[in-house]
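Topology and contacts: notes
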Amino acid sequence: MSGKSATFQVSGMNCASCVGRVEKALSGVPGVSDASVNLALETAQVSFDAPADMATLARTLSDAGYPAVTTEVTFAVRGMSCASCVGRVERALAATPGVINASVNLAAETATVGYAVGAVMPKVLARVVTDLGYPATLKQDINTDRTDEKTAEMTRLGWLTLIAAALALPVFVIEMGSHVIPGMHALVERTIGMQASRMFQFVLTTLVLFGPGLRFFQKGIPLLFKGAPDMNSLVALGTSAAYGFSVVSTFAPGVLPAGTAHVYFEAAAVIVVLILLGRWLEARAKGRTGEAIRKLVGLGAKVARVERVGEVVELPIDEIVVGDVIHVRPGEKIAVDGVVQTGHSYVDESMITGEPVPVDKTTGATVIGATVNGTGALTFKATKVGADTMLAQIIQMVERAQGAKLPIQGAVDKITAWFVPAVMGAAGLTVLMWLLFGPDPALSFALVAGVAVLIIACPCAMGLATPTSIMVGTGRAAEMGVLFRKGDALQMLQETRVIAVDKTGTLTAGRPEVTELITTDGADEDATLAAIAAVENLSEHPIAEAIVRAAVARGIECGEVTDFTSITGFGVRGQVSGQTVLVGADRLMAREGVEIGALADTGASLGQKGRTPLYASIDGKIAAVIGVSDPIKRTTPQAIAALQGLGVRVAMITGDNKSTAQVIAAELGIDTVIAEVLPEGKVAALSELRKIGKLAFVGDGINDAPALAAADVGIAIGTGTDVAIEAADVVLMSGDLSGVVNAFDISQRTMRNIRQNLFWAFGYNTVLIPVAAGVLYPAFGLMLSPVLAAGAMAMSSVFVLTNALRLRWVQPVLNDRTPAIAQQVMTPVAAPAE
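Residues numbered from 1 in each chain as written. Predicted model: local features only at pLDDT ≥ 70, side-chain atom pairs only at ≥ 80, totals over all residues. Heavy atoms only, no water.

Let's talk about the packing of helix 1 (residues 16–27) against helix 2 (residues 54–63)
Packing of helix 1 against helix 2 brings their axes to within 9 Å, and their N-to-C directions diverge by 140°. Accordingly, the angle class assigned to the pair helix 1 and helix 2 is oblique. When you trace helix 1 past helix 2, the crossing you get is right-handed. Between helix 1, through V22, A25 and L26, and helix 2, the contact on the second element is made entirely by L57, T60 and L61. (Axes fitted to C-alpha atoms, helices over the stretch in contact; angles between N-to-C directions. Helix = DSSP H or I, 4+ residues; strand = E, 2+ residues; numbered from the N terminus. Parallel < 35°, antiparallel > 145°, perpendicular 65-115°, else oblique. Left-handed = near helix turned anticlockwise from the far one by under 90°. Contact = heavy atoms within 4.5 Å.)

Okay, here's the thing in structure tokens:
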């Protein structure tokens, strides 16, 4: 397994063929084990070992014609006293992932670091040096915000498009107007003359090509000479051909065959305008694809009130360290993750969990950064800061998923790897065929067809088809509380045919609750419950806690208990107000000689409903039977029905006995039940279910981690343990199955969107390349103008991006969440007996 990884922001990529060349160049570096390039994000993720290093990889990208976006930052470093200090700092910086070079100046006490933008942050570099014992602070501000960079590029493209359009418009009007407007040709010839008209078009077109259009030549021509042509090369070749032929027709028409000296200045100029327009529209659309990440980043607080040296001061978030005590006023955002020290309030955690009801927070409760405090005041101790906070982890998960390459992309990459050279070959063959078999003027027809093929075949749409859908889809999923930790889970999930669900904590609330209390005739319910709860209050069993909660919910106070005894495997006994109270299973009553009488039938009925019946006696006489269960979460039945509606079979894996499990399954409409499964047997159970088809498993506990890892797609409930979350492919921020339904839905929608994009991209090229080559001319006399080819090419990319952006408006399938406080009355299922 590779020891290092790095992410580069790569400039100059425009189409899928660029992606293939960048991946090929990086993969060819000795030591590189994996290279994955994302056109929409303009990133390259590289896994490597020695002899490869960051400098070599950056140089490889530059040599390939796609330089990494790099920047430089200078730190003031204190405490260095000799050359060994310098060497130590330089070695530590050079070993940091993302650093390309590092230079330390002892006399100036500075460290200058060159690094790949997006691979590492200046504050991380400062921390590396500081941790060595040499305190480092940023000496110059560096803006590494890619959003600002994208905005600047969008603005620049907008201005270039406007300038090019202003220059090309007269050329287009003069030349095309002469063909479509009656009398226009005669008017031009009578007023300024045809040669003057051509000279005028030559000047304006030259300004277009070597002004706004210069970028295509600067990038495309060098790659052409390197034998690695890209989209820019196709545009440069096409416009050069039209422009060059027109220049010869204007200044040396005699060297061309008679009747072929036509000018195509308007084609060269308008092609540049349309492609720049397409690039500008792409830049705008790409900017919106990353909106989810920007929203997540914007959730965080910017400053916080922190205790320092006995007083409360306002500090930027970056300066908070673990252990700081932070004061939060009503209505303020929680700055970082922590544990409440003092105060009481309700905190709105909906932006993290999706649950709409504020959560009660008091001493000892955990708080999450970016959530909003309610009307109370709190102080809390910071436990996680910076990149360790939950929000930062969520952002990192989303970014990793957005940068992933799905299996479906592999086929696209194989095609686009040879696509541009094939297009150039097709254009050459088109020209040759027209010269050999075309009507007069064959040279003009050959030029028009060849340029049209070059322009229309640019594979931009192919390269954007998959990554833009992934970016938008995973971003929208994150907004709905579904985090794809592994990008390929997005594709695997929609291929899943069966979903296995752990019962406890997933289908159910994960803790038992009292569902029924039936007393003997004439007995007071509250008084009976008070006596039972008093005894159970001294027990640590989950069912005992459930009985105490039921008493508290009714406002019943537990009395004093003496002579308390826990009878292992049977129940408990104690003295309450001079009365002997027994609480336990029917076997405890039989052991103590207590007649259950008519309540035996009631208990049996509860068992048939999936409840666990417990009996209570007072002074040797049966007093009540209690139904206890682990309640099904309110959203579970609706979620199971929705999953089945999406074409997925639902299986339940539980340690319950078969009869109890069947009761639950029948109640919920579950397709398959695997009961009496020990924690270590879950993986074997999944092997059986996998025979049906690809399998997803949903769980939340430590004992679910092996099953989550063994499934084709592991889905962890966000309220579960860290171990379960780390083993999962998908993490749900909410604590119920509604997130699973939304995950399946967004997966299906995203993959459908990708297939639509690929169909459009490949269909567009498959259909229009022959049309551009002139296949319709013999039958219909129709040829595709290079201008129309440029417009169609630009619009194909815009179509793909716009189609992907539709995913931004996907609504959750299940969005009706019940407040946690209101979930007191739920459908119950059996809990383990005492």
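Here's the deal with the sheet that holds strand 1 (residues 4–9)
Spatially, the 3 strands line up as an open sheet ordered 1-3-2, and their pairing is antiparallel. For this open sheet the edge positions go to strand 1 and strand 2 (32–38), each flanked by a neighbour on one side alone. Direction aside, neighbouring strands of the sheet carry axes that sit 15° apart on average. Pairing of strand 2 with strand 3 (residues 43–48), which is carried by 6 bridges, proceeds in the antiparallel orientation. For D34, the partnering residue across the bridge sits in strand 3 and is S47. Contacts from helix 1 reach strand 2 and strand 3 within the one sheet, and its direction differs from that of strand 2 by about 165°. Across the sheet, helix 2 lies against strand 1, strand 2 and strand 3, angled at about 35° from strand 1, the strand it touches most. (Pairing = 2+ DSSP bridges.)

Comments concerning the packing of aromatic side chains
Working definition: an aromatic ring pair is given by the centre-to-centre distance plus the angle between the planes. Evaluation of the coordinates by the stated rule reveals 10 aromatic pairs. A ring pair is formed by F202 and Y243, whose centres lie 6.2 Å apart and whose planes are at 20°; its orientation type is stacked. Linking F202 in helix 7 (residues 194–209) with Y243 in helix 9 (residues 231–251), this pair joins segments that are 41 residues apart in sequence. On the numbers, 5.1 Å between centres and 80° between planes, the contact of F202 with F251 is edge-to-face. Linking F202 in helix 7 with F251 in helix 9, this pair joins segments that are 49 residues apart in sequence. With relative accessibility at 45%, the residue F251 sits in the partly exposed group. (Phe/Tyr/Trp six-rings, centres within 6.5 Å; stacked < 30°, edge-to-face > 60°. Buried < 20%, exposed > 50% of the residue type's maximum accessible area, 1.4 Å probe, protein only.)

Looking at a nonpolar patch on the surface
Among the surface-exposed residues, L429, L432, M433, L436 and F437 lie close enough to one another that they form a single nonpolar patch of about 540 Å² accessible area. Position of L432 among the secondary structure elements: in helix 14 (residues 407–437). (Patch = residues over 30% accessible without salt bridge, like charges linked within 9 Å, V, L, I, M, F, W, Y side chains within 5 Å. Areas by Shrake-Rupley, 256 points an atom, 1.4 Å probe, with all protein chains shown as cover. Salt bridge = Lys/Arg side-chain N within 4 Å of Asp/Glu carboxyl O.)

Examining the sheet that holds strand 29 (residues 730–732)
Spatially, the 7 strands line up as an open sheet ordered 17-29-28-27-18-25-26, and their pairing is mixed. Each edge of the open sheet carries a strand with a single partner, namely strand 17 (482–484) and strand 26 (672–674). Averaged over all pairs of adjacent strands, the angle between their axes in this sheet comes to 20°, without regard to strand direction. Two strands pair when backbone bridges link them, and strand 17 and strand 29 are joined in this way by 3 bridges, in the antiparallel orientation. Bridge pairing links L483 to V731 in strand 29. Docked against the sheet, helix 25 (residues 682–689) engages strand 18 (498–502), strand 25 (649–653), strand 26 and strand 27 (695–699), running at close to 155° with respect to strand 25.

Digging into the nonpolar core
By size, the foremost hydrophobic cluster in this structure holds 135 residues, and its most contacted members are F8, F484, I499, I715, V740 and F744. At 13 residues, the largest contribution of residues to this core is made by helix 28 (residues 738–773). Each of domain 1 (4–145) and domain 3 (482–508 + 633–733) gives at least three residues to this core. In this structure, I532, L614, A624 and V628 belong to the second largest nonpolar core, which totals 24 residues. (Core = buried A, V, L, I, M, F, W, Y, C linked by side-chain atoms within 4.5 Å. Domains from an automatic or database assignment.)

Digging into the confidence of the model for the chain
Across the chain, the average pLDDT comes to 81, with 86% of residues at or above 70. Here strand 30 (residues 828–830) stands out as the element of the chain with the lowest mean pLDDT, 37, in contrast to strand 10 (residues 325–328), whose mean of 94 is the highest. A low-confidence stretch, residues 140–145 (pLDDT under 50), is modelled with 12 contacts involving residues beyond four sequence positions or located in other chains. Confidence drops under a pLDDT of 50 for residues 816–834, and excluding neighbours within four residues, the segment shows 64 contacts in the predicted structure. (pLDDT = per-residue confidence, 0-100.)

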